[in-house]
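Notes for the structure review
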Amino acid sequence: MPDGGFSFPALVLNADFRPLSYFPLSTWTWQDAVKAVFLDRVSVLSEYDQVVRSPSFSMRLPSVIALRDFVPAARTPAFTRFNVFLRDSFSCQYCSTRRATQELTFDHVIPRAKGGRTSWENVVTACGPCNLRKGSKLPRECGMIPRQTPRRPTSFELQDRGRHFPPNYLHESWRDYLYWDSELLEV
């Protein structure tokens, strides 16, 4: 059994061998991956050196698995704080500063106090200082115009944007599957 506080997540690919999502990266726990192997729901493409054993069976833990059945991507992404940050590349739309997620907030371009709605078309990523400075003013009242006009992104746009923000953990066996469709540089 894996121990020592280490986890052995499996990268989950769709049946077309693309990750189900890039950000957050689609991974399953080793327990879920092993269960899916036994239920014949996935194909194992790569394995860790770590072995799990039972009295009558042993197997190397899967590091990359592909679903046997294709799962279509959602046509419209959910309107969440995280997806707004991802759409805006984790950058304040007023000062262009890139920040960690916990240092970001979102701003209503047209403040709610002035009839603004909480929607893709009216919410942008903002850092705390810019959000405080703008307050409940309209952009033209304070001279703070968002760098990009807020709009509803497509799922493809968010997936593409997510590929530019690698997760904290990347096993070497994952690299070929995460970036196989990236443009290669000639050296």
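This text follows the structure it describes.
Quick summary incoming for the structure in this document. Note that the structure is a prediction, hence the values are computed from the model and not measured.

1. A short note on the overall build of the protein chain
In terms of helices and strands, the protein chain carries six helices and six strands. Ordered by position in the sequence, the α and β elements of the protein chain form the string β-β-α-β-β-α-β-β-α-α-α-α. Burial analysis of the protein chain (187 residues in total) assigns 40% to the buried set. Contacts spanning at least 24 positions in sequence make up 62% of the contacts within the protein chain whose residues lie at least 6 apart. Accessible area of the protein chain: about 11,600 Å², with a carbon and sulfur share of 52%.

2. Details of the layout of surface pockets
Computed from the structure, the largest pocket encloses a volume of approximately 630 Å³. As for the largest pocket, its lining consists of 26 residues, of which L20, S21, A73, S155 and Q159 are closest to the centre. By residue number, the principal contributor to the lining of the largest pocket is helix 5 (residues 155–162), which donates five residues. A per-class count over the lining of the largest pocket returns 16 nonpolar, five polar and five charged. Taken as a whole, the second largest pocket spans an internal volume of roughly 190 Å³. The wall of the second largest pocket is formed by R87, D88, Q148, T149, P150, R151, P153, E157, L158, D160 and R161. The dominant element in the lining of the second largest pocket, judged by the number of residues it contributes, is helix 5, at four residues. In terms of residue class, the lining of the second largest pocket is built from three nonpolar, two polar and six charged.

3. Quick look at the pattern of salt bridges
One pass over the structure, following the stated rule, counts eight salt bridges. Here R87 and D88 are joined by a salt bridge, their closest N and O atoms 2.8 Å apart. Residues R87 and D88 agree in their burial class; the two are buried. Close ionic contact of R151 with E157 constitutes a salt bridge, the shortest N to O distance being 2.6 Å. Residue class for R151 comes out partly exposed when judged on its relative accessible area of 43%. E157 sits in the partly exposed class, given a relative accessible area of 29%.

4. Remarks on the nonpolar core
One finds L11, L25, W30, L61, W174 and L178 to be the most contacted residues of the largest nonpolar core, which totals 16 residues. Secondary structure elements with two or more residues in this core: strand 1 (10–13), helix 1 (30–38), strand 3 (42–54) and strand 4 (57–67). Counting residues per element, this core draws most heavily on strand 4, at four residues.

5. Focus: the packing of aromatic side chains
Summed over the entire model, instances satisfying the criterion amount to four aromatic pairs. Measuring from ring centre to ring centre gives 5.1 Å for F8 and Y48, while their planes differ by 80 degrees; the resulting arrangement is edge-to-face. Linking F8 in the segment before strand 1 with Y48 in strand 3, this pair joins segments that are 40 residues apart in sequence. The pair formed by F8 and Y48 is uniform in burial state, with each residue classed as buried.

6. Some remarks on the pairing of strand 6 (residues 123–127)
Regular strands place their side chains on alternate faces of the sheet. The buried count for strand 6 comes to five of five residues, which makes it a mostly enclosed element. Both faces of strand 6 are covered, namely the face carrying V123, T125 and C127 and the face carrying V124 and A126. The pairing of strand 5 (residues 104–108) with strand 6 spans five bridges and is antiparallel. Looking at the pairing, D107 lines up with V124 of strand 6.

7. A short note on the sheet that holds strand 4
Within the open sheet, the four strands sit side by side as 2-1-4-3. Their pairing is mixed. Only two strands of the sheet have a single partner each, and these edge strands are strand 2 (27–28) and strand 3. Bridging between strand 1 and strand 2 involves two bridges; their strand directions are antiparallel. When the bridges of strand 2 are listed, A10 appears paired with W28. In this fold helix 1 packs onto strand 1, strand 2, strand 3 and strand 4, with an angle of close to 90 degrees to the strand it touches most, strand 4.

Reading guide: rules and limits
- Residues numbered from 1 in each chain as written.
- Predicted model: local features only at pLDDT ≥ 70, side-chain atom pairs only at ≥ 80, totals over all residues.
- Heavy atoms only, no water.
- Helix = DSSP H or I, 4+ residues; strand = E, 2+ residues; numbered from the N terminus.
- Buried < 20%, exposed > 50% of the residue type's maximum accessible area, 1.4 Å probe, protein only.
- Contact = heavy atoms within 4.5 Å.
- Areas by Shrake-Rupley, 256 points an atom, 1.4 Å probe, with all protein chains shown as cover.
- 1 Å grid on protein atoms, 1.4 Å probe; cavity = no way out; pocket = protein on both sides within 12 Å on 5 of 7 lines; lining within 4 Å.
- Points joined across faces, edges and corners; volume = space filled by probe spheres on them.
- Nonpolar A, V, L, I, M, F, W, Y, C, P; charged D, E, K, R; others polar.
- Salt bridge = Lys/Arg side-chain N within 4 Å of Asp/Glu carboxyl O.
- Core = buried A, V, L, I, M, F, W, Y, C linked by side-chain atoms within 4.5 Å.
- Phe/Tyr/Trp six-rings, centres within 6.5 Å; stacked < 30°, edge-to-face > 60°.
- Pairing = 2+ DSSP bridges.
- Axes fitted to C-alpha atoms, helices over the stretch in contact; angles between N-to-C directions.

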